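Close look at the chain arrangement
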Amino acid sequence: PANITISAWIKASGSIASLNYVVGKLGAYYGTFYLRYRSSNKFNFFIGLGASGANVQGDSASTFTLTDWNHVVFTYDKVNLKLYVNGSEDFSQAESRDILYFDAGSPWPGKDLYIGKGAFPSPAEGLIDEVSYFGSALSAANITAMYNGGTPTDISSLNPISWWRMG
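Now for a quick tour of the structure. (Residues numbered from 1 in each chain as written. Predicted model: local features only at pLDDT ≥ 70, side-chain atom pairs only at ≥ 80, totals over all residues. Heavy atoms only, no water.)

1. Things to note about the pattern of salt bridges
This is how the line gets drawn: Each salt bridge in this description consists of a side-chain nitrogen of Lys or Arg and a carboxyl oxygen of Asp or Glu lying within 4 Å of one another. Summary of the burial criterion: residues with accessible area below 20% of their type's maximum are buried, those above 50% are exposed, and those between are partly exposed, where the area comes from a 1.4 Å probe applied to protein chains only.
With the rule as written, the count across this model stands at five salt bridges. With a closest N to O distance of 3.6 Å, E89 and K82 form a salt bridge. Assessed through its relative accessible area of 22%, K82 is described here as partly exposed. For R165, the salt bridge identified is with E130, shortest N-O distance 3.1 Å.

Below you can see the structure in the form of structure tokens.
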């Protein structure tokens, strides 16, 4: 899809590397998109855009206690990249390039969506819950409703492409 939302509840444990992959889609040269957390106690996103090898990545403005449950959401609507943590917008950047899903030079063309790992080492250690992937950029109100004050809610009315409840 041209617009996306990736959402997950995360509670880190174990060793925390410089980049820990929570949700990732391989395909473009460095990957299509990733939702990650960092040893700096920040959440991070990556997205392949435009021409081969072009990408944008960014960190949350705030730091978080990674060993607590956190709801992290990344959206892209070809106007802005946004990162939300615990129901509040924490990062925004203007961007209008197309998502780069496939790249002829990629060592991983057409790969699946991964939970808990990416193309590189440093998988997420801990608990991951309620992972969802949307073909649209959800609104701030939708994201706040998903967060629901810290209690995950049923998101089927938001029409996710995929939703892993992790029961």
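Still more ground to cover, so stick around.
2. Some details on the sheet that holds strand 5 (residues 55–59)
Worth spelling out the cut-off: Two strands qualify as a pair provided that DSSP identifies no fewer than 2 bridges between them. Each helix corresponds to a stretch of at least 4 residues labelled H or I by DSSP, and each strand to a stretch of at least 2 residues labelled E; elements are numbered beginning at the N terminus. For helices, the axis comes from a line fit to the C-alpha atoms of the stretch in contact; other axes are also lines fit to C-alpha atoms, and the angle between any two N-to-C directions lies between 0 and 180 degrees.
With antiparallel pairing, the five strands of this open sheet are ordered in space as 5-4-3-2-9. At either end of the open sheet lies a strand with only one pairing partner, and these are strand 5 and strand 9 (113–115). Shown here is a sheet whose adjacent strand axes are inclined to one another by a mean of 15°, direction ignored.

3. As for the environment of Q57
Let me state the cut-off plainly: Contact criterion: two residues are considered in contact whenever any of their non-hydrogen atoms come within 4.5 Å of each other. What qualifies as a polar contact is a pair of N or O atoms within 3.5 Å, subject to a donor-acceptor requirement within protein and to the restriction that residues adjacent in sequence count only when both atoms come from side chains.
Within the secondary structure layout, Q57 lies in strand 5. Expressed as a C-alpha distance, the spacing of Q57 and Q93, which sit 36 residues apart in the sequence, is 10.0 Å. Look past the residues within four positions of Q57 in its chain and what remains in contact with it is R36, N44, F45 and F46. Polar side-chain contacts of Q57 include one of 2.7 Å to the side chain of R36.

4. A few points about the sheet that holds strand 11 (residues 162–164)
Judged by pairing direction, the sheet is antiparallel, and its six strands sit side by side in the order 8-7-6-1-10-11 without closing on themselves. The sheet terminates laterally at strand 8 (88–94) and strand 11, the two strands that pair on one side only. When strand polarity is set aside, the average angle formed by the axes of neighbouring strands in this sheet is 15°. The pairing of strand 6 (residues 70–76) with strand 7 (residues 80–85) spans five bridges and is classified as antiparallel. When the bridges of strand 7 are listed, F74 appears paired with L83.

5. Re helix 1 (residues 140–147)
Our working definition: By definition, the arc is the one covered by directions from the helix axis to the C-beta atoms.
Of the residues making up helix 1, those classed as buried are I143, M146 and Y147. Along the axis of helix 1, the buried positions cluster into a sector of 100°, meaning they face one direction only. At the C-terminal side of helix 1, N148 shows a positive phi close to 50°.

The values reported here are purely geometric and, on their own, carry no functional implication.
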